[in-house]
Amino acid sequence: MKKIKHTCSSNNKAFGLALQALVVLSRNTSRCPSSDIADYLCSEATLIRRIMAKLAQENILEVREGRDGGYRLKLPPESITFADIYLALQVEDSLCEGMLDSTGDHPWGLQMNDVFSDMVTEMKQSMLDVMKQYTIAELANGLIKKD
């Protein structure tokens, strides 16, 4: 059986990197520079800085610039949910957006767009409800159940 390759938009990648970076920060009491986080995640420091800037804007991270600078969690990891990160990064689900993009401005397309819009709203809410159940602390401690 052939494996299906899944592709992620850059926003979805940013979400995954953000979760991992927050786990790294949850294990450090001191500030952690973006270069250290990037090395740990085998990623690019500029990408990590862009992600961290968004999380700092949402008061999830504390940032200090300069030689002794870096990032530190502003909130306890037990209180940061996956939904908080998802919303801070404004990640869009490519499946949902693709559904809406597939409709046109002709009568059938407009009708389908209305139906798809309702479905997309429900799907996004369901996804947020699930994400609210998981915290950075649980991810850091390996407490998230694998089914």
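Predicted, not measured: the structure shown is a model, and the values here were computed from it.

(A) Representation of the nonpolar core in the model. Membership of the largest hydrophobic core comes to 35 residues, with the highest contact counts inside it found for L22, L25, I37, M52, L55, L61 and I85. Going through the elements one at a time, α1 (10-26), α2 (34-41), α3 (45-57), β2 (70-73), α4 (82-89), α6 (107-131) and α7 (136-140) are the ones with two or more residues in this core. For this core, the element with the highest residue contribution is α1, accounting for ten residues. When near neighbours in sequence (up to four residues on either side) are disregarded, I85 contacts F15, A18, L19, L22, L55, I60 and I80.

(B) Structural context of the packing of α4 against α6. Contact geometry of α4 with α6 gives a least axis separation of 7 Å together with a crossing angle of 130°. The orientation of α4 relative to α6 falls into the category oblique. Listed contacts from α6 to F82, A83, Y86 and L87 of α4 are M127, L128 and M131. Each residue belonging to the contact of α4 with α6 can be placed in one class, and the counts come to seven nonpolar, no polar and no charged.

(C) Region of interest: the packing of α2 against α3. Running from amino to carboxyl end, α2 crosses α3 at an angle of 115°, the nearest separation of the two axes being 8 Å. When the axis of α2 is compared with that of α3, the two are roughly perpendicular. Here α2 and α3 pass one another in a crossing that is right-handed. Each of S34, S35, I37, A38 and L41 in α2 lies in contact with α3, whose residues at this interface are A45, I48, R49 and M52.

(D) Here's a closer look at unusual backbone geometry. Of note, C42 is a non-glycine position whose phi angle comes to about 55°, a positive value. Within the element layout of this structure, C42 appears in the loop between α2 and α3.

(E) Main features of the pairing of strand β1 (residues 61-64). As paired strands, β1 and β2 are joined by four bridges and run antiparallel to one another. Bridge pairing in β2 links L61 to L73. Two successive antiparallel strands, β1 and β2, enclose a turn made up of five residues, where G66 displays a positive phi of approximately 105°.

(F) The side chain of S34, seen in detail. You can see S34 is positioned in helix α2. Its relative accessible area of 8% is what places S34 among the buried residues. Contact partners of S34, with chain neighbours within four places excluded, come to A45, I48, R49 and Y71.

Conventions used here
Residues numbered from 1 in each chain as written. Predicted model: local features only at pLDDT ≥ 70, side-chain atom pairs only at ≥ 80, totals over all residues. Heavy atoms only, no water. Core = buried A, V, L, I, M, F, W, Y, C linked by side-chain atoms within 4.5 Å. Buried < 20%, exposed > 50% of the residue type's maximum accessible area, 1.4 Å probe, protein only. Helix = DSSP H or I, 4+ residues; strand = E, 2+ residues; numbered from the N terminus. Contact = heavy atoms within 4.5 Å. Axes fitted to C-alpha atoms, helices over the stretch in contact; angles between N-to-C directions. Parallel < 35°, antiparallel > 145°, perpendicular 65-115°, else oblique. Nonpolar A, V, L, I, M, F, W, Y, C, P; charged D, E, K, R; others polar. Left-handed = near helix turned anticlockwise from the far one by under 90°. Pairing = 2+ DSSP bridges.

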